[in-house]
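Observations on chain architecture
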Amino acid sequence: MSETETLARDVRAFEAFAREQCRRRMELTALACVFISSFAWVIGRVVLAGDPLDAPGRFWLAVLAVVSVVAWLVFRYLPLARRHPTVFAFSFHGALTTIGALHVGEMSDLNGPFFYIVYILPPLPIALPLRLPARVTMTLLGPAAFGTAYFARFPQYAEHPMIHVPIVVLIAIIPVSILMGHAVYKLVRERFFFARRLER
């Protein structure tokens, strides 16, 4: 077998490996979201009993738990999710961030602390083995879905005088997250190819 054919075979093997790793990691992420949202729902009912902030969490955390259960079942059992895990990862990530935005939007405007969970969204895909175009899409999707849902549902929040601050912070976080994620992807790929060479 020629070197070109061997390389092509290794590339195909890595792509299959990356798809399976993406599916498994999203399956674990969905399962973690089930437990986190369920735990948060229970704690919120105790801590916020009688508080006006109780209602948003009572509803949206339950929705998040249900969506996470569905996502876990999809990633674990649906053959199509095994073949195209990135598409389903986009869908789950978009749904998750939209639900989160609607939840925190009902709790406060930008004067409260809740909106700023948007800062954790760009780094979330770092651990996923995604090609650069998919990584860019996934990294931008979280803040975009969050911001769209938040300000579409509560347009008055966009009048906040310091609205530029989270925008500037996200402009800094997003490219760093993309570069870090791509570096991790290249490291995983190189390690995979090295292991294949050792096997030969």
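Reference entry: report on the structure contained in this document. Remember, it's a predicted structure, so these values are computed and weren't measured experimentally. (Residues numbered from 1 in each chain as written. Predicted model: local features only at pLDDT ≥ 70, side-chain atom pairs only at ≥ 80, totals over all residues. Heavy atoms only, no water.)

**Observations regarding the overall build of the protein**
- The number of helices and strands found in the protein is six helices and zero strands.
- When the helices and strands of the protein are placed in sequence order, the string is α-α-α-α-α-α.
- Overall size of the protein, expressed as C-alpha extent along the three principal axes, is 70 × 35 × 25 Å.
- A burial count over the protein gives 38% of its 200 residues as buried.
- Of the roughly 11300 Å² that the protein leaves accessible, carbon and sulfur atoms contribute 71%.
- Charged side chains of the protein number 20 positive and 13 negative; the gap between the two group centres comes to 8 Å. (Helix = DSSP H or I, 4+ residues; strand = E, 2+ residues; numbered from the N terminus. Buried < 20%, exposed > 50% of the residue type's maximum accessible area, 1.4 Å probe, protein only. Areas by Shrake-Rupley, 256 points an atom, 1.4 Å probe, with all protein chains shown as cover. Lys, Arg positive; Asp, Glu negative; His and termini not counted. Charge placed at Lys NZ, Arg CZ, Asp CG, Glu CD.)

**What to know about the nonpolar core**
- With 32 residues, the main nonpolar core has Met26, Phe92, Phe146 and Tyr150 as its most contacted residues.
- Among the elements of the structure, helix 1 (3-47), helix 2 (54-77), helix 4 (85-107), helix 5 (132-153) and helix 6 (164-199) are those that each provide at least two residues to this core.
- Looking at this core element by element, the count peaks at seven residues for helix 4.
- Residues in contact with Phe146, not counting those within four places in the same chain, are Thr97, Gly100, Ala101, Val104, Phe115, Ile117, Val118 and Leu121.
- Ranked by size, the runner-up nonpolar core spans five residues in total, among them Phe14, Ala18, Tyr185 and Phe192. (Core = buried A, V, L, I, M, F, W, Y, C linked by side-chain atoms within 4.5 Å. Contact = heavy atoms within 4.5 Å.)

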